[in-house]
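The residues making up each chain are set out below.
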Amino acid sequence: MSALSTKHLIGLKQLEKSDIDLIFKTADNFKEVLNRPIKKVPSLRDITIANMFFEDSTRTRISFELAEKRLSADTINFSSSGSSVKKGETLLDTVRNILAMKVDMIVMRHSSSGAPNFLAQHVPVNIINAGDGTHEHPTQGLLDGYSVLQKFGSLKGLNYLIIGDVKHSRVAGSDIPLMLKMGAKVKVCGPPTLIPKHIEELGVTYEPNLRKALEWCDVANVLRIQLERMDIKFIPSLREYSLSYGVNRALLDSLNKDITIMHPGPINRGVELNSDVADSKQSLVLQQVENGVAIRMAVLYLLAGRN
Ligand code: CP
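Engineer: What's the story with the site of the ligand in this structure? I'm lost.
Structural biologist: The immediate surroundings of the ligand are formed by S57, T58, R59, T60, R109, H137, Q140, P264 and G265. In this structure, S57 approaches the ligand through a side-chain N or O atom, which is 2.6 Å from an oxygen atom. A distance of 2.8 Å is found between an oxygen atom of the ligand and a backbone nitrogen or oxygen belonging to T58. The protein chains hide 91% of the 260 Å² of surface that the ligand would expose on its own. Among the residues forming the shell around the ligand, the class breakdown is 1 nonpolar, 6 polar and 2 charged. Mapping the shell around the ligand onto the domain boundaries places at least three of its residues in each of domain 1 (12-136 + 289-303) and domain 2 (138-285).

Okay, structure coming up:
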């Protein structure tokens, strides 16, 4: 198979396993390009892509822009601060005005879950979700899966742990379906208030005790506490959270195994993850960021190829 089964990338829940395999295989080719002295190919030379960020981002925004430039696409960058959104313009009006200037694809981050799906139903171009509310962050899920695949050679049978604020995490929303589709086993760990009700219905298990959860896993993806998405308090304090669920060197050294540690970023150092782990050889954090460019090149290339 050489084409994606979907016109848009809204989430990984809907994506076929064959699509994920194709994205990973295509990313392998682009990783090779990114290791050349001239890190550029003409694949998207006649394509114009709008990166529309209605919410803050460092990694995802820069990674998409770099992926587009490496593919020779023309890019425009929109952020809601400083735009006419502040004057009351609707999302659809904003996007339709940008599309009137002959834009071919939209990469969008939005604080509202469902915003990219809404757009996909109302405009004719490819929509790529760069993170929507608490729903999904599909390219993060893909780069996480790809980074684990690169390290372990296969995801099948791997014990994959997600620690922390699963309830508000769009990364968990994408990692869980990806890991399950690729044959990994998934467990979540965190205070019960930060774990969605009925999580087991997704095919994952829950372990409230961090030590027990770490003893089970091969890979632990540590999530940030997303205070910006909490309208009420879900934990007594960050200090108490850190005492029960913070991942630190002493805890990892007390286990009789070498666990791979991941984090999607941005890290709140000293809260969910200590620097003595984040910056250690066990950490995959910067490889995740590096792989993000090849994964996003693969997604853009394959979606453009369907048009
Ligand atoms: N991982 C991630 O989405 O980071 P940013 O919010 O910086 O894009």
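Engineer: How should I be thinking about empty space enclosed by the protein in this particular structure?
Structural biologist: Scanning all chains against the criterion turns up 1 cavity of 30 Å³ or more. The computed volume of the largest cavity comes to approximately 70 Å³. In terms of lining, the largest cavity is formed by R59, T60, S63, Q140, L143, H263, P264, V285, Q288, V289, G292 and R296. At the level of elements, α2 (59-70), α5 (138-152) and α11 (285-306) are the ones that each hand at least two residues to the lining of the largest cavity.

Engineer: How should I be thinking about the packing of aromatic side chains in this particular structure?
Structural biologist: How two aromatic rings sit relative to each other is set out by the distance from centre to centre and by the angle between their planes. If you walk through the whole model with that rule in mind, you get 4 aromatic pairs. Consider the rings of F30 and Y301, whose centres lie 5.4 Å apart with planes at 80°: the pair is edge-to-face. Note that F30 is positioned in helix α1 (residues 17-34) and Y301 in helix α11, a separation of 271 residues in sequence. On the accessibility criterion, Y301 (35% relative accessible area) is partly exposed.

Engineer: Whenever I open this one, the packing of α2 against α11 confuses me. Can you help?
Structural biologist: The description of two packed helices rests on the angle between their axes and on the distance between the axes. Where α2 contacts α11, the two axes come as close as 8 Å, and the packing angle between them is 55°. Judged by the inter-axis angle, α2 sits oblique to α11. Judged by the twist between their axes, the crossing of α2 over α11 is right-handed. Residues R59, T60, S63, F64, L66, A67, E68 and R70 of α2 form the contact with α11, whose own contacting residues are V289, G292, V293, R296, M297 and L300. Residue composition of the contact of α2 with α11, grouped by class: 7 nonpolar, 3 polar and 4 charged.

Engineer: It is not clear to me how the environment of T60 should be interpreted in this structure. Could you clarify?
Structural biologist: Along the chain, T60 turns up in helix α2. Put simply, T60 and G131 are 71 residues apart on the chain and 8.8 Å apart in space, counted from C-alpha to C-alpha. Excluding its chain neighbours within four sequence positions, the residues that come into contact with T60 are F53, R109, A130, H137 and R296. Among the polar contacts made by the side chain of T60, one reaches the side chain of H137 at a distance of 3.4 Å.

Engineer: Please explain the sheet that holds strand β1 (residues 48-53) as it appears in this structure.
Structural biologist: Pairing between the strands of a sheet comes from backbone hydrogen bonds, and it takes one of two forms, parallel or antiparallel. In spatial order, the strands read β2-β1-β3-β4; together these 4 strands make up an open sheet with parallel pairing. Two strands lie at the open edges of the sheet, namely β2 (74-79) and β4 (126-132), each paired on one side alone. Each strand of the sheet is rotated relative to its neighbour by a mean of 15°, with strand direction disregarded. Taken together, the 6 bridges between β1 and β2 define a ladder with parallel strand orientation. Residue pairing for β2: F53 is matched across the bridge by S79.

Engineer: Just checking my understanding: could you explain the pattern of salt bridges for this structure?
Structural biologist: Once their charged atoms are close, side chains differing in charge can pair, the charge on each being opposite to the other. If you walk through the whole model with that rule in mind, you get 7 salt bridges. Here E55 and R170 are joined by a salt bridge, their closest N and O atoms 2.8 Å apart. Of this pair, E55 sits in the loop between β1 and α2 while R170 sits in helix α6 (residues 170-181), placing them 115 residues apart in sequence. In this structure, D253 engages R249 in a salt bridge whose closest nitrogen and oxygen atoms are separated by 3.0 Å.

Engineer: Help me understand the packing of α5 against α6 in this model?
Structural biologist: For the pair α5 and α6, interaxial distance at closest approach is 8 Å and the crossing angle is 50°. Considered as vectors, α5 and α6 are oriented oblique to each other. You can see that α5 and α6 cross each other, and the crossing is right-handed. On the side of α5, the interface is formed by P138, Q140, G141, L142, D144, G145 and V148, while α6 contributes V171, S174, D175, L178 and M179. In terms of residue class, the contact of α5 with α6 is made up of 6 nonpolar, 4 polar and 2 charged.

Engineer: How should I be thinking about the nonpolar core in this particular structure?
Structural biologist: In a soluble, globular protein the nonpolar side chains are often hidden away together inside. In this structure, I23, I128, L142, I162, L178 and L300 are the most contacted members of the largest nonpolar core, which totals 60 residues. When residues in this core are grouped by element, the largest group, 10 residues, is from α11. With sequence-adjacent residues up to four places away left out, L300 is seen in contact with L44, I49, F64, A67, E68, L71, M105, V107 and I128. Counting residues in each nonpolar core, the second largest holds 26 residues, with L214, I225, F234 and I261 among its members.

Engineer: Can you help me understand the domain arrangement of the protein chain in this one?
Structural biologist: Many authors give the size of an interface as the accessible area that is lost as the parts come together. The domain boundaries assigned to the protein chain delineate domain 1 (12-136 + 289-303) and domain 2 (138-285). Relative placement of domain 1 and domain 2: their C-alpha centres are 25 Å apart. Of the residues lining the interface, 30 residues belong to domain 1; the matching set on domain 2 comes to 26 residues. Of the roughly 2400 Å² buried between domain 1 and domain 2, counting both surfaces, carbon and sulfur atoms make up 62%. Where domain 1 packs against domain 2, one counts 1 salt bridge. Mapped by element, the contributors of at least two residues to the side of domain 1 that touches domain 2 are α1, α2, β3 (105-110), β4 and α11. A per-element tally of the side of domain 1 that touches domain 2 places α1 first, with 8 residues. When grouped by side-chain class, the residues that make up the side of domain 1 that touches domain 2 number 10 nonpolar, 9 polar and 11 charged.

About the criteria used
Starting afresh in each chain, residues are numbered from 1 along the sequence in its written order. A pLDDT threshold of at least 70 governs which residues receive local features in this predicted model, and a stricter bar of 80 or more applies before side-chain atom pairs are shown or counted, although totals over entire chains, interfaces and linings include all residues. Excluding hydrogens and water, the side-chain figures rest on all heavy atoms present in the structure. The cutoff for a nearby residue is simple: one of its non-hydrogen atoms must lie within 4 Å of the molecule or strand. We call two N or O atoms a polar contact when they sit within 3.5 Å, provided that within protein one can donate a hydrogen and the other can accept it, with sequence-adjacent residues counted only if both atoms are side-chain atoms. Here the Shrake-Rupley method, with its probe set to 1.4 Å, supplies the accessible areas, and only the displayed protein chains count as covering residues. Lys, Arg, Asp and Glu make up the charged group, whereas Ala, Val, Leu, Ile, Met, Phe, Trp, Tyr, Cys and Pro make up the nonpolar group; the residues left over, Gly among them, are polar. Domain segmentation is taken from an automatic or database assignment of domains. Residues are called lining when one of their atoms sits within 4 Å of a cavity or pocket point, these points coming from a 1 Å grid over the protein atoms alone, where a cavity is a set in which a 1.4 Å probe fits but cannot get out and a pocket is an open set with protein on both sides within 12 Å along at least five of seven lines. Grid points are joined across faces, edges and corners, and a volume is the space filled by probe spheres set on the points. Where helices and strands are cited, they refer to DSSP runs of H or I of at least four residues and of E of at least two residues respectively, numbered from the N terminus. Only rings of Phe, Tyr and Trp enter the pairing, Trp through its six-membered ring, and a pair is recorded when the two centres are within 6.5 Å. The plane angle decides the type: under 30 degrees is stacked, over 60 is edge-to-face, the rest tilted. In this scheme, a residue with accessible area under 20% of its type's maximum is buried, one over 50% is exposed, and one in between is partly exposed, where area comes from a 1.4 Å probe on protein chains only. To define axes, lines are fitted to C-alpha atoms, for helices over the stretch in contact only, and angles between the resulting N-to-C directions are given on a 0 to 180 degree scale. An angle below 35 degrees is read as roughly parallel, one above 145 as roughly antiparallel, one from 65 to 115 as roughly perpendicular, and any other as oblique. When the near helix sits turned anticlockwise from the far one by under a right angle, the crossing is termed left-handed; a clockwise turn instead gives a right-handed crossing. We call two residues in contact when some of their heavy atoms are within 4.5 Å. Being paired, for any two strands, means DSSP has found at least two bridges between them. When a carboxyl oxygen of Asp or Glu is within 4 Å of a side-chain nitrogen of Lys or Arg, the pair counts as a salt bridge. In plain words, nonpolar cores are sets of buried Ala, Val, Leu, Ile, Met, Phe, Trp, Tyr and Cys residues tied together by side-chain atoms within 4.5 Å. When two parts are put together, the accessible area they lose, computed with a 1.4 Å probe and summed over both, is reported as buried area.

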